[in-house]
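# Descriptive structure summary
Here is what each chain is made of, one letter per residue.
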Amino acid sequence: MPDSLTTNSQIIAAYRAATPGSAVRAQQAAELFPSGITHDSRYIEPYGIYIDHAKGPRKWDVDGRCYVDYFGGHGALLLGHCHPEVTAAVHGQIDRGTHFGANHELEIAWAEAVMRLIPSAERVRFTSSGTEATLMAVRLARAFTGKPKLIRFNYHFHGWHDHMTSGHSNHFDGTATTGVLDAVAGNVLLCDQNDEATLGQLLEQHKGEVAAAIIEPTGANGGKLPIDPNFLHALRRLTAEHGMLLIFDEVVTGFRVSAGGAQAAYGIRPDLTTLAKILAGGLPGGAVAGRKDILDLLDFQVTKGAGKEKIAHPGTFNANPLSASAGIAALRVVAETDACERANRYTEALRRGLNEVFEEERVNWGAYGTFSMLELFTNPEGVQITPTKFDPLQFSFAALKGDRNAGVVHKMRLGMMVHGVDFSSHPGGVASATHGDSELEDTVAAMRKTVRMLRAEGEI
């Protein structure tokens, strides 16, 4: 619990006063769920808001209060809430059936949409989530190469299965997190992004043992630690030289940074790509896409003909008709409009507007990020910076992550909600193609008011 909750905070008092309906529901949820929540990033003290409905870039809580939304369905809603083409497709499919337990035409159209947009996609296999997609990608890589080890990069997030738990928020020494076998953690090699020399040494040290490297192609945590594009090109070269696969985890970036994802934006062709979020138009759904010869390990006929063991992959909701209908509609909009570019332009303007607030209010904070992703640097060491010229690459991830400033970040998020803006737990968030001038104005004004509240409480 942040220390700020034990103080006489006007920000926390204002939050409680504004959200009595959420308080009641949080009390009910505490009797049902661990910590009263169903997703770790929704944990905030004294409680999180409860949303009743949403439209475009905004959502309304159970008390009738409106928020500019930067959670964006955890990144799934590039097109905003309730996009008319997506909702129409889902409504139409509900009347036809939500699950057939059989093949259907929508899965073909959905895969064709993915393969038109993602440069490296020669074959596609749908899953029910991004975590399932990264799990399948790792299994494919090990089966294809016959090698046991996986290279991951510190602070990068690839879901919550056993291979992905250490080195994201803790256990940076590679030891197993609670509930994970030492043997699993011991076959994961952690490395810092943007460090080509150390990566090369690690590959030499474990030569012939590494099946694949997996990376978030815009940097750790969706870009909180920005990537150097030159490092991505070096990674592609090194993985090829060492006979290992390169997996781009585009669960966040796929169909967001560009219609073809980060691989199209950076001109790099990975061997495997994991997808989710925008892929399914805001409904549950994920996928692994990539080289045919690798995904052939899921093929009954190919593996039988080659005398290989097929990788088993059932999944009750794989490519279910409802998610497929939403995904087809969403990817059509992405392909045929400037949705990605609009979200990117908006977020660039938002970062600029927030930095102008920080500079005018004499706060040593910085807004940064790439494409349509927003990150906020709250400067735990109090280094003197010029917000409008802030360069995140000059700081360590520990500083950018801001854990040592948790109390200030906590109050800032509550203050922004008091003033009608819901940032993610980063803090920061993602924008949609529906965010516009009014959302920009409201967000910048909310930050100015929040900064002044924080100053009044002696936090900045």
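Residues numbered from 1 in each chain as written. Predicted model: local features only at pLDDT ≥ 70, side-chain atom pairs only at ≥ 80, totals over all residues. Heavy atoms only, no water.

We now examine the packing of helix 1 (residues 10–18) against helix 17 (residues 406–418). Closest axis-to-axis distance for the helix 1/helix 17 pair is 9 Å, and the angle between their directions is 40 degrees. With respect to helix 17, the axis of helix 1 lies oblique. Relative to helix 17, helix 1 is oriented so that their crossing is left-handed. Residues I11, I12, A14 and Y15 of helix 1 form the contact with helix 17, whose participating residues are H410, K411, L414, G415, M417 and V418. Class assignment for the residues of the contact of helix 1 with helix 17 results in 7 nonpolar, 2 polar and 1 charged. (Axes fitted to C-alpha atoms, helices over the stretch in contact; angles between N-to-C directions. Helix = DSSP H or I, 4+ residues; strand = E, 2+ residues; numbered from the N terminus. Parallel < 35°, antiparallel > 145°, perpendicular 65-115°, else oblique. Left-handed = near helix turned anticlockwise from the far one by under 90°. Contact = heavy atoms within 4.5 Å. Nonpolar A, V, L, I, M, F, W, Y, C, P; charged D, E, K, R; others polar.)

Before going further, it helps to examine unusual backbone geometry. Cis geometry is adopted by the peptide bond preceding P46, which originates at E45 and carries an omega value of 5 degrees. Along the polypeptide, P46 turns up in the loop between helix 2 (20–29) and strand 1 (51–55). Following H426, the chain continues into P427 via a peptide bond in cis, with omega recorded as 5 degrees. Notably, N194 is not glycine yet its phi reads approximately 65 degrees, a positive angle. A positive phi angle, near 50 degrees, is found at K277, a position not held by glycine. Mapped onto the elements of the fold, K277 is located in the loop between strand 10 (272–275) and strand 11 (286–290).

Let's shift gears to the sheet that holds strand 12 (residues 366–368). Taken together, the 3 strands give an open sheet; going across it, the order is 12-13-15, and neighbouring strands pair in antiparallel fashion. Across the chains shown, the open sheet's two edge strands, defined by having one partner strand only, are strand 12 and strand 15 (428–430). Recorded for the sheet is a direction-independent mean angle of 15 degrees between the axes of neighbouring strands. In the packing of helix 15 (residues 339–360) onto the sheet, the strands contacted are strand 12 and strand 13 (373–377), and the crossing angle to strand 13 comes to about 20 degrees. (Pairing = 2+ DSSP bridges.)

On to the state of the cysteines. In total, this model carries 0 disulfides according to the counting rule given. For C340, which is in no disulfide, the shortest distance to another cysteine sulfur is to C82 and amounts to 20 Å. (Disulfide = S-S within 2.5 Å.)

Put simply, helix 17 and helix 18 (residues 437–456) touch, their axes get as near as 9 Å, and they point 130 degrees apart. By the angle between their axes, helix 17 is oblique relative to helix 18. Of the two elements, helix 17 crosses helix 18, and the hand of that crossing is right-handed. Of the residues in helix 18, those in contact with V408, K411, M412, G415 and M416 of helix 17 are T443, A446, M447, T450 and L454.

Attention now goes to the sheet that holds strand 9 (residues 245–249). Pairing within the open sheet is mixed, and its 7 strands lie in the order 4-11-10-9-7-5-6. A strand with exactly one partner marks an edge of an open sheet, and here the two such strands are strand 4 (123–127) and strand 6 (188–191). Strand after strand, the sheet turns through a mean of 20 degrees between neighbouring axes, direction not considered. Where strand 7 (residues 210–215) meets strand 9, 4 bridges bridge the pair, whose relative direction is parallel. Counterpart to I215 in the pairing with strand 9 is F248.

Here N320 is to be found in the loop between helix 13 (300–306) and helix 14 (321–336). At 3.1 Å, the side chain of N320 forms a polar contact with the backbone nitrogen of L322. Looking at N320, its side chain comes within polar contact range of the main-chain nitrogen of S323, at 2.9 Å. If sequence neighbours within four positions are ignored, N320 has contacts with T98, H104 and P284. (Polar contact = N/O pair within 3.5 Å; in protein donor to acceptor, adjacent residues only side chain to side chain.)

This brings us to the pattern of salt bridges. Tallied over the entire structure, the rule returns 21 salt bridges. With a shortest N-O distance of 2.9 Å, R58 and E439 are connected by a salt bridge. You can see R58 sitting in strand 2 (residues 58–61) and its partner E439 sitting in helix 18, a full 381 residues away along the chain. Both residues of the pair, R58 and E439, belong to the buried class. Across the pair D296 and K292 runs a salt bridge, and its minimum N-O distance is 3.0 Å. Looking at D296, the relative accessible area reads 12%, which means it is buried. (Salt bridge = Lys/Arg side-chain N within 4 Å of Asp/Glu carboxyl O. Buried < 20%, exposed > 50% of the residue type's maximum accessible area, 1.4 Å probe, protein only.)

Before going further, it helps to spend a moment on the packing of aromatic side chains. The final tally for this structure, using the stated rule, is 11 aromatic pairs. Ring centres 5.6 Å apart and planes at 70 degrees place the aromatic pair F358 and W365 in the edge-to-face group. Look at W365 and you get buried, because its relative accessible area is 4%. Through a chain of ring-to-ring contacts, three or more aromatic side chains come together here, namely Y368, F377, F390 and F395. The side chain of K310 reaches across the aromatic face of F300, ending 4.6 Å from its centre. (Phe/Tyr/Trp six-rings, centres within 6.5 Å; stacked < 30°, edge-to-face > 60°. Lys NZ or Arg CZ within 6 Å of the ring centre and 35° of its normal.)

Take the layout of surface pockets next. By volume, the second largest pocket amounts to about 910 Å³. As for the second largest pocket, its lining consists of 43 residues, and the residues nearest its centre are R42, I49, I51, K59 and H74. Counting residues per element, the ones that place at least two in the lining of the second largest pocket are helix 3 (72–75), helix 4 (84–94) and helix 17. Looking at the lining of the second largest pocket element by element, the count peaks at 4 residues for helix 4. Across the lining of the second largest pocket, the residue classes break down as 24 nonpolar, 13 polar and 6 charged. (1 Å grid on protein atoms, 1.4 Å probe; cavity = no way out; pocket = protein on both sides within 12 Å on 5 of 7 lines; lining within 4 Å. Points joined across faces, edges and corners; volume = space filled by probe spheres on them.)

So, to be careful, I would describe these as geometric facts and stop short of saying anything about function.
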